[in-house]
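Examination of the molecular architecture
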Amino acid sequence: MKQKLQKLHNRMENDPKLKKAVDSIKPKRTLWGVVGIILFFFVPELITYIWQPELINWAHAHSITEPLAMQRMLYAQLEKMFADGVSWVNIGIGAALLVWVWRMEK
C-alpha cells in the first residue's frame, strides 16, 4: 500500500498537466489576489457576525410578507442561514487559501 501511494505521489509530482491545473486555480500573490480572498471569504462572515440579529429579522420579515411562494422559501432559507451564524468552513477555506498564497512558491 505504501509503495502504491509513493508511486502515485511521484506520478502526480511529475505530471505537467496537473501542475498547470494547480497553477491555474491558485490565487495570485498580488494585492488583488489577497484582497479577493478576504472579500470573498472573510467579509461576509464578519458582516454576519456583526449584524446577525438585524439580518435574521430582515429575512424573517420578507419571508412573511413576500407574495410569491418561491421567494418566501428563499427568504426562509436565508433566515435559517443567518441564524446558524458564522460559517467556520468558509473561514477555514479562506485561511487555507491565504496560507497557500503566502507559503507555496514556485
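Scroll up for the structure.
What counts, and at which threshold
For every chain, the first residue of its written sequence is number 1, and the numbers climb from 1 along that sequence. Per-residue local features of the predicted model are confined to residues with pLDDT of at least 70, and side-chain atom pairs are confined, for both listing and counting, to 80 or more; whole-chain, interface and lining totals are unaffected and use all residues. Side-chain descriptors were evaluated using all non-hydrogen atoms of the structure, hydrogens and water having been removed beforehand. By definition, no residue in a patch forms a salt bridge, and every one has over 30% relative accessible area; like charges are joined within 9 Å, nonpolar side chains (Val, Leu, Ile, Met, Phe, Trp, Tyr) within 5 Å. Here the Shrake-Rupley method, with its probe set to 1.4 Å, supplies the accessible areas, and only the displayed protein chains count as covering residues. One speaks of a salt bridge when a side-chain nitrogen belonging to Lys or Arg is within 4 Å of a carboxyl oxygen belonging to Asp or Glu. Secondary structure is summarised from DSSP: a helix means a run of H or I of at least four residues, a strand means a run of E of at least two, and numbering begins at the N terminus for each. Note on terminology: a nonpolar core comprises buried Ala, Val, Leu, Ile, Met, Phe, Trp, Tyr and Cys residues joined through side-chain atoms within 4.5 Å. Categorising residues by exposure relies on relative accessible area from a 1.4 Å probe, with only protein chains included: less than 20% of the type maximum marks a residue as buried, more than 50% marks it as exposed, and the intermediate range marks it as partly exposed. Pairs of residues are marked as contacts when any of their non-hydrogen atoms sit within 4.5 Å.

**Details of a nonpolar patch on the surface**
On the surface, Met1, Leu5, Leu8, Met12, Leu18 and Val22 cluster together to form a nonpolar patch covering roughly 580 Å² of accessible area. With 3 residues, the top contributor of residues to the nonpolar patch is helix H1 (residues 2–13). Considering the arrangement of structural elements, one finds Val22 in helix H2 (residues 16–25).

**Digging into the nonpolar core**
Core analysis: the largest hydrophobic core is formed by 6 residues, namely Val34, Ile37, Phe41, Leu97, Leu98 and Val101. Apart from residues no more than four positions distant in its own chain, Phe41 is found in contact with Asn90, Ile93, Gly94 and Leu97.

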